[in-house]
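# Fold and geometry: a report
Here is what each chain is made of, one letter per residue.
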Amino acid sequence: MRKGRPLARVIEPAVTGTGRPPSPRASTPSWVEPLPGRAAPGPAVGAYVPHVVAWNLTRRCNLACAHCYIAAGGWHTDADELPTADCLRILDQVLAVNPGVLLILSGGEPLVREDLETIAGHASSRGATVVVGTNGTGLTEARIASLMEAGVGGVALSIDSLNPVYHDRFRHGAGALEDTLAAVDRLREARLDFIVQTSLTRGNRDEVADLAEWAASRGAVSFNLYFLVETGRGEGMKGLSAEENDSVLSELVGLERHYRGRMLVRSKCQPQIMRHAYESSPDSPLLNYATRCPCGVQYCRITPEGKVTPCPYMPAVAGDLREHSFEAIWDESALFGLLRRGDLGGKCGRCEYREVCGGCRARAYARDGDLLDEDASRAYEPDGSTPLVKPASDSLYGVGDPVPGLTWTPEASERISRVPSFVRGVVVRRVEDYARRSGESTVSVALLDRVRSEMPVEFSKRLPFFARYRQ
């Protein structure tokens with residue numbers, strides 16, 4: 001068990017930037033005082049692992065997207081950004097807690113930071129899997145080459161429509177779609193993995209299936225559909241109705257089944273997809289996830305100035321890395337303690353899917369400042385007639401290092417240790433299942449190579465970055 005030094009005061013007041021009067025429930029931060037009728041447990045040191053850390057390195061951006069949770073734009077400067085030396089210091093702290101972390105370097109637009117490759121290289125050389133989240137407009141051949149040289153394993157690109165009029169208007173940048181599509185061609189040529197990220201609105205709701213098909217045809221390793229959280233510049237926007245969200249989630253489950261083995265399909269900020277998977281796709285790999293909303297549980301965000309929040313869409317601050325170590329904040333924050341073991345309220349607290357879904361905590365917080373309140377974007381009405389749905393007993397995404405059931409050679413163990421921590425349990429299980437079916441009791445490097453050669457469709461040709469053995 002890790003031991004972080006005691007914190008006199010980790011939690012800071014929430015930064016809402018809403019301009020509206022706080023609701024009565026939000027006037028006292030919900031993580032400072034116990035919520036009425038609900039437990040407010042303290043943290044459990046060492047019991048949780050930060051498998052994914054997103055880092056908004058800057059608020060500077062060449063675009064000014066309508067929904068941007070960090071309100072990025074060209075008017076920001078680097079005045080409030082952490083200098084390179086501080087970034088490297090913090091990276092070492094993150095990697096001391098989890099050497100196999102998936103690190104997402106984003107913004108704003110991270111390509112505006114001249115030290116991006118220095119930061120990425122520092123992390124990747126020490127074992128992290130590094131992804132860059134970008135609007136793609138600045139991905140020249142030279143920049144792609146320098147990112148790959150720094151050890152970046154993948155790039156996440158924002159594409160909201162294949163219609164340039166819609167995409168460019170939504171992103172507030174003339175010619176943005178053309179530049180991003182050109183970047184996709186360059187990424188394919190360079191063989192750098194990429195993810196297509198789409199923000200769902202009524203304007204592109206009917207384009208979801210076409211966008212997924214296009215992404216798969218271009219070789220994307222994942223298609224991620226983001227559901228609006230009304231925070232940052234997105235506060236003035238209105239997402240789809242709860243019923244419309246349900247329809248989209250049902251469609252996504254079908255798309256996940258269709259592209260399985262070729263491209264991942266995922267919902268973001270909408271864990272209600274788990275209910276749809278349980279009800280209509282019992283063989284879905286989504287059911288391998290062992291947690292509800294991962295923010296503050298397996299996932300956190302670092303802001304440009306070095307504050308830690310549960311996720312990019314929740315501005316509630318768990319601690320400041322200029323004052324405390326990452327380990328201390330992760331282990332001892334009362335805010336994270338509430339997210340990990342606090343009782344959910346409203347429909348989410350009554351729902352039989354609360355342990356496998358639990359609603360989006362950032363959306364609950366954005367609505368009234370109560371991060372444990374119900375997620376109002378859901379249409380499902382629990383009536384108490386269905387037994388509690390528990391995560392599968394062998395759920396393995398996010399469990400880190402599982403206990404092996406077979407003997408592994410030292411070489412095979414070393415190779416599997418280079419898989420990102422959040423998928424390592426799934427990889428181990430699949431390898432051992434394959435070994436048993438083959439009548440083997442020992443996992444060797446040769447067996448790992450055979451498993452890879454027999455993976456479905458496209459993934460057998462080239463493992464995506466999130467399942468690849470780091471060099």
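This structure is a prediction, so every number in the text was calculated from the model and none was measured.

Here is what the cut-offs are and how they apply
- Residues numbered from 1 in each chain as written.
- Predicted model: local features only at pLDDT ≥ 70, side-chain atom pairs only at ≥ 80, totals over all residues.
- Heavy atoms only, no water.
- Helix = DSSP H or I, 4+ residues; strand = E, 2+ residues; numbered from the N terminus.
- Buried < 20%, exposed > 50% of the residue type's maximum accessible area, 1.4 Å probe, protein only.
- Contact = heavy atoms within 4.5 Å.
- Areas by Shrake-Rupley, 256 points an atom, 1.4 Å probe, with all protein chains shown as cover.
- pLDDT = per-residue confidence, 0-100.
- Pairing = 2+ DSSP bridges.
- Axes fitted to C-alpha atoms, helices over the stretch in contact; angles between N-to-C directions.
- Polar contact = N/O pair within 3.5 Å; in protein donor to acceptor, adjacent residues only side chain to side chain.
- Salt bridge = Lys/Arg side-chain N within 4 Å of Asp/Glu carboxyl O.
- Arc of directions from axis to C-beta.
- Core = buried A, V, L, I, M, F, W, Y, C linked by side-chain atoms within 4.5 Å.
- Expected span 1.5 Å × (residues − 1).
- Disulfide = S-S within 2.5 Å.
- Parallel < 35°, antiparallel > 145°, perpendicular 65-115°, else oblique.
- Nonpolar A, V, L, I, M, F, W, Y, C, P; charged D, E, K, R; others polar.
- Phe/Tyr/Trp six-rings, centres within 6.5 Å; stacked < 30°, edge-to-face > 60°.
- Lys NZ or Arg CZ within 6 Å of the ring centre and 35° of its normal.

Attention now goes to the overall build of the chain. Counting secondary structure elements, the chain contains 15 helices and 12 strands. Expressed as a percentage of its 471 residues, the buried residues of the chain come to 58%. The long-range fraction of contacts in the chain, counting pairs at least 24 apart against all pairs at least 6 apart in sequence, stands at 74%. Of the roughly 19200 Å² of accessible surface on the chain, 52% is carried by carbon and sulfur atoms.

Another point: the environment of V443. Mapped onto the elements, V443 comes out in strand β12 (residues 442-443). V443 gets classed as buried once you look at its relative accessible area, which sits at 0%. Considered as a pair, V443 and V428 are 15 residues apart in the sequence and their alpha carbons are 9.8 Å apart. Not counting chain neighbours up to four residues away, the residues in contact with V443 comprise L406, T407, W408, T409, A412, V431, E432 and L448.

Looking at the chain as a whole, the pLDDT averages 85, with 84% of positions reaching at least 70. Below a pLDDT of 50 lies the segment residues 1-40, which in the model reaches 82 contacts outside its immediate sequence neighbourhood of four places, other chains included. Throughout residues 457-461 the model reports pLDDT below 50, and contacts reaching past four residues in sequence, or to other chains, amount to 13 contacts.

Strands in a sheet are paired, the pairing made by backbone hydrogen bonds, and the direction either parallel or antiparallel. Read from one edge of the open sheet, 10 strands run β7-β6-β5-β4-β3-β2-β1-β8-β9-β10, paired in mixed fashion. Across the chains shown, the open sheet's two edge strands, defined by having one partner strand only, are β7 (264-268) and β10 (319-320). Helix α5 (residues 176-190) rests against β4 (152-158) and β5 (193-199) of the sheet, and its axis sits at about 155° to β4.

With respect to the element layout, S199 can be found in strand β5. A polar contact is formed between the side chain of S199 and the side chain of H67, at a distance of 3.0 Å. If sequence neighbours within four positions are ignored, S199 has contacts with H67, D160, F170, R171, N204 and Y226.

Between side chains of opposite charge, a pair can form when the charged atoms approach closely. The tally for this structure, following the rule as stated, stands at 24 salt bridges. Close ionic contact of R143 with E117 constitutes a salt bridge, the shortest N to O distance being 2.7 Å. You can see R143 sitting in helix α3 (residues 141-149) and its partner E117 sitting in helix α2 (residues 116-125), a full 26 residues away along the chain. Overall, E117 belongs to the buried group, its relative accessible area being 16%. The salt bridge partner of D160 is R171, with a shortest N-O separation of 2.5 Å. With D160 in the loop between β4 and α4 (164-171) and R171 in helix α4, the pair connects residues that are 11 residues apart, well separated along the chain. For D160, a relative accessible area of 0% puts it in the buried group. Each of R60, E81, R113 and D115 takes part in a single network of salt bridges with overlapping partners.

Moving on, we come to the pairing of strand β8 (residues 299-302). As a general feature of sheets, a regular strand has side chains that alternate between the two faces. Both faces of β8 are covered, namely the face carrying Y299 and R301 and the face carrying C300 and I302. Direction of pairing for strand β1 (residues 52-56) relative to β8: parallel, over a ladder of four bridges. Among the inter-strand pairings, V53 is bridged to a residue of β8, identified as C300. Sheet topology note: the β8/strand β9 (residues 307-309) ladder contains two bridges and is antiparallel. What sits directly across from R301, in β9, is T309.

Where helix α15 (residues 445-453) is concerned, the buried positions are L447, L448 and V451. Viewed end-on, α15 has its buried residues packed into an arc of 105°, placing them on one side of the element. Residues of α15 that are buried in the fold lie against β11 (407-408), α13 (410-416), α14 (421-437) and β12.

To continue, consider the nonpolar core. Counting 127 residues, the largest nonpolar core has W55, L105, L139, F223, L252, M263 and M314 as the members making the most contacts within it. Sort the elements by how many residues they give to this core and α14 lands first, with seven residues.

This paragraph deals with helix α7 (residues 242-259). With 18 residues, α7 extends 26 Å between its outermost C-alpha atoms, agreeing within 8% with the 26 Å of an ideal straight helix rising 1.5 Å per residue. Residues of α7 that are buried: A242, N245, D246, V248, L249, L252, V253, L255, E256 and Y259. Looking at the buried positions of α7, the neighbouring elements they touch are α6 (208-217), β6 (222-226), β7 and α8 (273-280). Directly beyond the C-terminal end of α7, a positive phi value near 90° is found at G261.

This brings us to the state of the cysteines. Note on terminology: a disulfide is the covalent bond linking the sulfur atoms of two cysteines. Under the counting rule described, the total for this entry stands at zero disulfides. A disulfide-free cysteine, C68 has its sulfur positioned 6.3 Å from the sulfur of C65, the nearest such atom. On the accessibility criterion, C68 (12% relative accessible area) is buried. Just so you know, C295 is unpaired, no disulfide at all, and the nearest cysteine sulfur is the one on C293, 3.5 Å from it.

Before going further, it helps to spend a moment on the packing of α14 against α15. It is at 10 Å that the axes of α14 and α15 come closest, and there the two elements cross at 100°. As far as their axial angle goes, α15 and α14 are roughly perpendicular. Facing α14, whose interface residues are V431, Y434 and A435, α15 presents L447, L448, R450 and V451. When its residues are assigned to classes, the contact of α14 with α15 shows six nonpolar, no polar and one charged.

Moving on, we get to the packing of aromatic side chains. If you walk through the whole model with that rule in mind, you get seven aromatic pairs. Taking 6.3 Å as the distance between ring centres and 10° as the angle between the ring planes, the aromatic pair formed by F326 and W330 counts as stacked. Highlighted residues: F326 and W330, both in helix α9 (residues 326-332), separated by four residues, approximately one helical turn. Residue F326 is classed as buried on the basis of its relative accessible area of 1%. What links up through ring pairs into an aromatic cluster is the set Y69, Y226 and Y313. Cation over ring: R340 sits above W330, and NZ or CZ is 4.4 Å from the ring centre.

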